[in-house]
Amino acid sequence: MKKRTWKRLACLSCSLAMVLSLFGCSGSAETEEPSATDDTPTAEGSSGEKTALQEKWSSLEGTHLTVGTSCVQTGWSQDDGSGNPEGMDIDVMQYICDYYGWDLEWYVAEYAALWGCVQNGLIDTIANLTTVNPERLDQYWFTNTYAWESYSIVSRAEDAPEDGDMNYWEGRTICGEAGSNATMTFETIRDQLAAEGVEVNELVLDSASILIPSVIQNQADGAFMCTSTCAYIVEQQGYTDQTHIQNVEWQNMPIVYGFTRTEENKDIILAINDLLDEMHEDGTLAELSNKWFGMDVTALPEGEVNYVTTTGEDAWQSYEG
């Protein structure tokens, strides 16, 4: 098995993290060999006779990928208790690298700093519940979708709005994690509500781990979060009887890997796409999803389409919608 190198970025203030997300970040090295769990699928053909995909992409064998993650996105990328990342995003990327014989190096940083690290070349991609938005589509190329996520609002038990009812939040405050796509999505919803005369307040906090405690402590009325992790976090933090989870029913977001627009990244993206297709078909992705969430978040939601590779010079990777 390939050796993995783990890097840790020192905790930053919220304001510094936001600056780093635009201009860069730094880290210190720490090496450790993680132990595999019995319920994690093993990459087929990772030893012995090569599979068709390994033959197809044999020119990429030995590729070194430095992958950024935050260790604070429950179920997707979290701390295993000893400073190393674990979760579905981690398992999927580990599977891909093991399969192709790529050298995988993890770079742990504040979430808001990760895209700055991609821009500065400190990391090659991000495995941290990464999705697309118009700004990112203009700057990066993306792999095909390997999972889907939606949004919910966690509130106190006495505040129990019906699913999809965003007018309920008029005059109330909803908190979100700084720099996250969830917060950007909430801001879009808030702007649309404001145009309809419904004013909702926003509180931006520097860590996803403090969102629900902020609601319990009355600093905010609701926490805007990813659906798959809401119930997990509520139970983990002991707030099951104190909270209510409202499905926003806003949109699904495709979970992907983003890379800089360089020629050398094209084959890496195409190789990942080929393997993701196989992992969808053989149930590997569904197995990993059930391991972490007890449900399958990898199936294509009704009415959605996948992110697929195109060949246009101006938009090599685009959304077919």
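Note: the structure precedes this text.
Just so it is clear, the model here is predicted, and its values are computed rather than measured. (Residues numbered from 1 in each chain as written. Predicted model: local features only at pLDDT ≥ 70, side-chain atom pairs only at ≥ 80, totals over all residues. Heavy atoms only, no water.)

Novice: What exactly am I supposed to notice about the packing of helix α3 (residues 88–100) against helix α10 (residues 284–293) here?
Specialist: Remark: α3 packs on α10, axes separated minimally by 9 Å, with the N-to-C direction vectors making an angle of 150°. Classified by the interaxial angle, the pair formed by α3 and α10 is roughly antiparallel. Relative to α10, α3 is oriented so that their crossing is right-handed. Residues M88, D91, V92 and Y95 of α3 pack against T284, L285, L288, S289, K291, W292 and F293 of α10. Its residues assigned to classes, the contact of α3 with α10 shows seven nonpolar, two polar and two charged. (Axes fitted to C-alpha atoms, helices over the stretch in contact; angles between N-to-C directions. Helix = DSSP H or I, 4+ residues; strand = E, 2+ residues; numbered from the N terminus. Parallel < 35°, antiparallel > 145°, perpendicular 65-115°, else oblique. Left-handed = near helix turned anticlockwise from the far one by under 90°. Contact = heavy atoms within 4.5 Å. Nonpolar A, V, L, I, M, F, W, Y, C, P; charged D, E, K, R; others polar.)

Novice: It is not clear to me how the packing of aromatic side chains should be interpreted in this structure. Could you clarify?
Specialist: Think of a pair of aromatic rings as described by two things: how far the centres are apart, and how the planes are tilted against each other in angle. Applying the stated criterion to the full structure yields ten aromatic pairs. Consider the rings of Y99 and Y100, whose centres lie 5.1 Å apart with planes at 90°: the pair is edge-to-face. The same class applies to Y99 and to Y100, which are both buried. Arranged with centres 6.4 Å apart and planes meeting at 65°, the rings of W115 and F142 form a pair that is edge-to-face. Remark: F142 occurs in strand β9 (residues 140–142) and W115 occurs in helix α4 (residues 114–119); sequence separation between them is 27 residues. Residue W115 is classed as buried on the basis of its relative accessible area, which comes to 10%. Assessed through its relative accessible area of 1%, F142 is described here as buried. Aromatic rings pair up to connect Y99, Y100 and W102 into one cluster. (Phe/Tyr/Trp six-rings, centres within 6.5 Å; stacked < 30°, edge-to-face > 60°. Buried < 20%, exposed > 50% of the residue type's maximum accessible area, 1.4 Å probe, protein only.)

Novice: In this structure, what is going on with the nonpolar core? I would like to understand it.
Specialist: Where a protein is soluble and globular, its nonpolar side chains tend to be buried together. The biggest cluster of nonpolar side chains holds 54 residues, and the ones touching the most others in it are V92, I96, Y100, W102, F224 and Y257. Here this core gets nine residues from one element, more than from any other, and that element is α3. With sequence-adjacent residues up to four places away left out, I96 is seen in contact with W102, Y257, I272, L275, L276 and M279. If you look at the next biggest cluster of nonpolar residues, it comprises 15 residues, including V154, A208, I212 and C230. (Core = buried A, V, L, I, M, F, W, Y, C linked by side-chain atoms within 4.5 Å.)

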